[in-house]
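Remarks on the overall topology
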Amino acid sequence: MDVVYGLVSLDPDRAPAVLALGTFDGVHLGHQALLRETVRRAREIGGRAGTITFDPHPLAVIAPPEEKLVPAAGIYAALARTERGTHQAAVSIGTRPTFGPGAVVVEA
């Protein structure tokens, strides 16, 4: 088994390949059928069978856990983009304890 990170790392001179695309987060019956068909088609053309999967899992990018969307509480240096250009800014992330417990807020 070859493990290749990034499609640019593939050798274009190798045998043709039939690739199954998916997250393969468990090899259930649907995945087994897909992999069998991938191997069958690869044999049919005298090529190699393989899979393309994702790291990290696509849901980590499309729908990350809420706690990962906002950095830890603190003051951060940032760049603010406006119609007049890009400017240096300070961003405060945290709660407003003076007004009682509440949600985390982001202020720039």
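Just so we're clear, the structure is a prediction, and the values are computed from it rather than from any experiment.

This prediction gives the chain a mean pLDDT of 82; 94% of its residues lie at or above 70. Taking the mean pLDDT of every element in the chain, the minimum, 75, falls on strand 5 (residues 105–107) and the maximum, 94, on helix 1 (residues 29–45).

Further remarks concern the pattern of salt bridges. A side chain of one charge can pair with a side chain of the opposite charge when the charged atoms of the two come close. Counted according to the given criterion, the structure contains 3 salt bridges. When the shortest N-O distance is used, the salt bridge between E37 and R41 registers 2.7 Å. In this pair, E37 and R41 are both assigned in helix 1, 4 residues apart and thus about one turn of the helix distant. Exposure remark for E37: the relative accessible area of 28% places this residue in the partly exposed category. Relative accessible area serves as the criterion here: at 46%, R41 is assigned to the partly exposed category. Residue E44 pairs with R40 through a salt bridge whose shortest N-O separation is 2.8 Å.

Right, let's talk about helix 1 for a bit. Its 17 residues place the ends of helix 1 25 Å apart at the C-alpha level, agreeing with the 24 Å of an ideal helix rising 1.5 Å per residue. For helix 1, the secondary structure elements touched by its buried residues are strand 1 (17–21) and strand 2 (48–52). G46, located one to two residues past helix 1, shows a positive phi value of around 70°.

Reading the values: the criteria
- All residue numbers refer to positions counted from 1 along the written sequence of the respective chain.
- Per-residue local features of the predicted model are confined to residues with pLDDT of at least 70, and side-chain atom pairs are confined, for both listing and counting, to 80 or more; whole-chain, interface and lining totals are unaffected and use all residues.
- Hydrogen atoms and water are omitted, and side-chain values are computed over all heavy atoms in the structure.
- Scored from 0 to 100, pLDDT records how confident the predictor is in each individual residue.
- The helix count covers DSSP runs of H or I at least four residues long, the strand count covers runs of E at least two residues long, and both are numbered beginning at the N terminus.
- Take a side-chain nitrogen of Lys or Arg and a carboxyl oxygen of Asp or Glu: if they are within 4 Å of each other, that pair is a salt bridge.
- For each residue, the accessible area found with a 1.4 Å probe, counting protein chains only, is set against the maximum for its type, and the residue is called buried under 20%, exposed over 50%, and partly exposed in between.
- Here the expected span of a helix is defined as 1.5 Å times the quantity of residues minus one.
- Residue contacts follow a heavy-atom distance rule, with two residues in contact if any of their heavy atoms lie within 4.5 Å.

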